[in-house]
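The residues making up each chain are set out below.
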Amino acid sequence: MMRHQYHWRSLTLAGFLAFFALTILVQIIRIQTSPDAAVFKAQAENFSGTYRTIYPERGEIYDRNGHLLAGNQTVYAVSVNLDEVTDPYAMALTLSTYLALDYNETLGYLLDPPEGKHNLTFKDFVPADQAAALQELQRQMAVQAAGTGVPSRLSGLEFQAHLQRSYPENALASNVIGFVSREGRGYFGVEEKYNDLLAGVPTQVWVPEDPNRALEIPKVPDGTTLILTINRDLQAATEQILDDALNQYGAQNGAIIVMDPKTGEILAMAVTPRMDLNQFWNYDSIYNTAADYNRAVSMPYEPGSVVKILTMAAALDSGTIQPNTSYFDTGVFEVGGIKIQNWDGRPWGTQDMLGCLQHSLNVCLAWISTSMGRDNFYGYMERFGLGRPTGVDLAGEAAGRLKVPGDSDWSEADLGTNSFGQGLTATPLQMIAAASAIANDGRMVVPHVLYAMVRNEQQVNIPPALGGSPITQQTADTLNEMLALSLEQEASLALLPGYRLAGKTGTGQIPTPGLGYISDQTNASFIGWGPVDDPQFMIYVWLERPSASIWGSDTAAPVFSQVAERTVILLDIPPDSVRQQLANK
C-alpha cells in the first residue's frame, strides 16, 4: 500500500516536471518565432561586446622623393592599479628612477591617492625604449616572486600603448610642416592646413568581448598620407645657405623660397627661426608671434625695388612705354607734393628702360607709374595679386596691404612710391607668385606644397592652378630679356657661370612709427629665375636688417647665386650650352 502511494506521487511529480519543461520549450519556440525575436536577439548582442571609438593613425608626410618628414611612433602611458599595489615604496623608487619623477611626490600619491581613484597615470608619452626597460624589470621581479608565493613588488604597474607624432628630420622644413600637439591637433603649416585629412575620421565600432570574434572588428581607414612638393635635399641646402648668410651679413632673420614658375610647386622654403618639431613645447621660447613661424607667408614687409619689375611689366603691357623709351633723369621727381629721389641721391641723365632697371632708378619708375595713371597702375598691381593672399596651402597666410585710390589713407604720393615698393607691403610668397607671370609667358601660378595624396593605396596627384594672366606672353618675353641683360651688364653678384638668369635686387627702407624711414635699416631682397630661355626655378631671397651692407645687391644677390647653384645641381639642370646641344640633337 505504501509503495503504491509513493508510485503515484512520483508519477504526479514527473508529470508536473514534464509539463513545466514542455511549457518552457513552447515559450522558447514562441519567443524565437514571435515578431519580438529580433528585438531580443539585438538586446542579447548588446551584452556580447561594447561600442568603442577608434581613432585612425594619422597620415604620414613625405617629400617629393619619398623621404619621411612626419610619421608616428609608439609611446606609452605608465599607470598604477592601486588595488594591486603590494609595495608602494618599491613602486615609487622604480617610477622615480626610470621615469625621472620626484620620489616623495610619487610615494605620496601611492600612499594617499585622490579620493575615488583606483588607477593613476604617472607619466604619458614615455618613449618605447624607456617603457621596454621598465617592462623588463617588472617581468624579472615577477619571475623572482613566482617561486616564493609572495606577489611581485611591482604588481599593479600597467602600460597603455598609443601613437605620437614624430619628425625624423627634427627642424628641417619645420615652417612648412608645422606640428601636432599631444591633443592630436595640427598647428601651422601642412599639419594645420590639412589637419582633417591627416587625422582621418574617428569611427565608433562594435568590439566583441569574445577574442575568437576579433576578425569581426572592422578596420578603420588611416588618415590620408601627403606627398609634398618639397625637395628634402634642396630644403636642407637652402636652410644652410640662409643660416650662413645671416651670420655673414649680420641679418636678424630671413626667408628663401625656391619655386617652379611653371607649376607653382614650392621646392624649398627656408625661414628663420626654426624649431625641432619633436620638441614643439618650446614654441613660446622661440617665437614672439604666430607670424614669426613662417615669415615667407605670414609676415608682409615693404619689399622695395623688386616691385619695379611689376611696374615695368605693367607699363610695357599697357603700352605706356617701350624698352627703348627714353627718360631724362634729373635725380628728383615730384608727385603728390613729395620729392622722390634715387637710391644714391644723384641724377643719372638720359636712360632707356633697360637703364632704369639696371640702375634701379626710383625717379624713373615713379615717372612711369604716374604716366600710366592711377587706375591703370593699380589695376595691374591688383591683377598681380598684391593685397590679397596667394591661396597657398599653408596655414596662416597674410594678405599684405596695397593702398588704392579711395582708401582713407591713400594719397597721390603713393602712386609714385608704390612703383618702387615703398608704402605697400607683401610677403615673399606674394612677390614670387606675382613674378611667376614674367617667367611663365604671362601666366601667374598659385604656389602650393601638396604634390599628391595617398589613401586606400591610391595616389591622387594635385594639378597646378593658374592665378591669372596679368600680362601677355610678348610682354613677359620682353621683360625677361631686359632683366637678363640688366644682370649681365652690371656684372651682378647674382650671376651663375654657365647659366643665363633674369632677376632684380631690392633694398627697402624699414618704416619706424613716429620716425619715418631710417636709412641704415633695410630689407634686402632679390628675385630671379632661370634658365632664361626655359625657366625651371625661381628664387626669392629676403634678409631682414643686414648690418654688413644695407644693399640687396651686396647681400641678397650673392645668396641668390648660391641657392641657384645648389638648385641646378640637385635638380640636374645642365648648363645652357649643354642643354641647348642636347635639344638640337
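Note that the coordinates shown come from a computational prediction; the quantities given were computed from them, not determined experimentally.

Peer 1: So what exactly am I meant to see when it comes to the overall build of the protein here?
Peer 2: Helix and strand content of the protein: 20 helices and 22 strands. Its C-alpha atoms give the protein principal-axis dimensions of roughly 145 × 60 × 60 Å. Across the 585 residues that make up the protein, the buried fraction comes to 49%. Here the analysis covers contacts within the protein between residues at least 6 apart in sequence; of these, 71% occur between residues at least 24 apart. For the protein, the exposed area adds up to about 27600 Å²; of that, 53% sits on carbon and sulfur atoms. Taken together, the 37 basic and 62 acidic charged side chains of the protein have centroids lying 6 Å from each other.

Peer 1: Just checking my understanding: could you explain helix 5 (residues 128-146) for this structure?
Peer 2: Given 3.6 residues per turn, any residue in an α-helix points the same way as the ones three and four places further on. Between its first and last C-alpha, helix 5 extends 26 Å over 19 residues, near the 27 Å set by a 1.5 Å rise per residue. Along helix 5, the residues that are buried comprise A131, L134, L137, Q138, M141 and A145. On an axial view of helix 5, the arc spanned by its buried residues comes to 120°, and they lie on one face. Facing away from the buried side of helix 5 by over 90 degrees, the exposed positions are D129, V143, Q144 and A146. If you follow the buried residues of helix 5, they end up packed against strand 3 (68-81), helix 3 (88-99), strand 4 (119-127) and strand 5 (157-166).

Peer 1: Quick question: what am I supposed to make of the pairing of strand 17 (residues 450-455) here?
Peer 2: Regular strands place their side chains on alternate faces of the sheet. Note: strand 9 (residues 225-228) against strand 17, four bridges, orientation antiparallel. When the sheet's bridge partners are listed, L228 is paired in strand 17 with L450. Bridging between strand 17 and strand 18 (residues 458-461) involves four bridges; their strand directions are antiparallel. Its bridge partner being in strand 18, M453 is matched across the sheet by V460.

Peer 1: When you look at the sheet that holds strand 22 (residues 537-544) in this model, what are you seeing that I'm missing?
Peer 2: Strand pairing in a sheet relies on backbone hydrogen bonds. The paired strands run either parallel or antiparallel. Taken in spatial order, the five strands make up an open sheet running 11-10-22-21-20, and their pairing is antiparallel. Each having just a single partner strand, strand 11 (266-271) and strand 20 (502-512) make up the two edges of the open sheet. Within the sheet, the average angular offset between the axes of one strand and its neighbour, ignoring direction, is 10°. As judged from the seven bridges shared by strand 10 (residues 253-259) and strand 22, these two strands associate in the antiparallel manner.

Peer 1: Whenever I open this one, the packing of aromatic side chains confuses me. Can you help?
Peer 2: To describe a pair of aromatic rings, one takes the distance between the centres and the angle between the planes. One pass over the full model with this rule turns up 18 aromatic pairs. With centroids separated by 5.3 Å and ring planes inclined at 65°, the aromatic side chains of F280 and W281 adopt a geometry described as edge-to-face. Note on F280: relative accessible area 15%, which makes it buried. With a relative accessible area of 48%, W281 lands in the partly exposed category. Three or more aromatic residues link up through ring pairs in this structure, and these residues are F179, Y187, F188, F280, W281, Y283, Y287 and Y293. The ring centre of W348 lies 4.0 Å from the NZ or CZ of R346, which sits over that ring.

Peer 1: What should I look at first to understand the nonpolar core in this one?
Peer 2: Note that soluble globular proteins tend to have their nonpolar side chains buried in a common cluster. Judged by nonpolar contacts, the single largest core of 99 residues is most densely connected at M312 and W529. The element best represented in this core is helix 17 (residues 428-439), accounting for eight residues. The residues touching W529, leaving out its near neighbours within four places in the chain, are I309, A435, I438, A439, N480, L483, L501, A502, P535, F537, M538 and F560. Residues Y249, A524, A556 and I573 belong to the second largest nonpolar core, which totals 31 residues.

Peer 1: Teacher, can you tell me more about the pattern of salt bridges here?
Peer 2: Where charged atoms from two side chains of opposite charge approach closely, those side chains can pair. Inspection of every chain in the model, using the stated rule, returns 22 salt bridges. One salt bridge in this structure joins R401 and D409, with 3.0 Å as the shortest N-O distance. Note that D576 is salt-bridged to R579, the shortest N-O span being 2.8 Å. With a gap of three residues between them, D576 and R579 both fall in helix 20 (residues 576-584), about one helical turn apart. Comparing D576 with R579 shows no difference in burial state: the two are buried. Ionic contacts of the salt-bridge type, sharing partners, join the residues D292, R295, E544 and R545 into one network.

Peer 1: What am I meant to see in the state of the cysteines here?
Peer 2: By definition, a disulfide links the sulfur atoms of two cysteine residues through a covalent bond. Tallying each qualifying case throughout the model produces one disulfide. In this model, C356 is linked to C364 through a disulfide, with the two sulfur atoms separated by 2.1 Å. Judged by the sign of its S-S torsion, about 85°, the cystine formed by C356 and C364 is right-handed.

Peer 1: How should I be thinking about the side chain of T567 in this particular structure?
Peer 2: Following the sequence through the fold, T567 ends up in helix 19 (residues 556-570). T567 sits in the buried class, given a relative accessible area of 0%.

Scoring rules and cut-offs
- Residues numbered from 1 in each chain as written.
- Predicted model: local features only at pLDDT ≥ 70, side-chain atom pairs only at ≥ 80, totals over all residues.
- Heavy atoms only, no water.
- Helix = DSSP H or I, 4+ residues; strand = E, 2+ residues; numbered from the N terminus.
- Buried < 20%, exposed > 50% of the residue type's maximum accessible area, 1.4 Å probe, protein only.
- Contact = heavy atoms within 4.5 Å.
- Areas by Shrake-Rupley, 256 points an atom, 1.4 Å probe, with all protein chains shown as cover.
- Lys, Arg positive; Asp, Glu negative; His and termini not counted.
- Charge placed at Lys NZ, Arg CZ, Asp CG, Glu CD.
- Expected span 1.5 Å × (residues − 1).
- Arc of directions from axis to C-beta.
- Pairing = 2+ DSSP bridges.
- Axes fitted to C-alpha atoms, helices over the stretch in contact; angles between N-to-C directions.
- Phe/Tyr/Trp six-rings, centres within 6.5 Å; stacked < 30°, edge-to-face > 60°.
- Lys NZ or Arg CZ within 6 Å of the ring centre and 35° of its normal.
- Core = buried A, V, L, I, M, F, W, Y, C linked by side-chain atoms within 4.5 Å.
- Salt bridge = Lys/Arg side-chain N within 4 Å of Asp/Glu carboxyl O.
- Disulfide = S-S within 2.5 Å.

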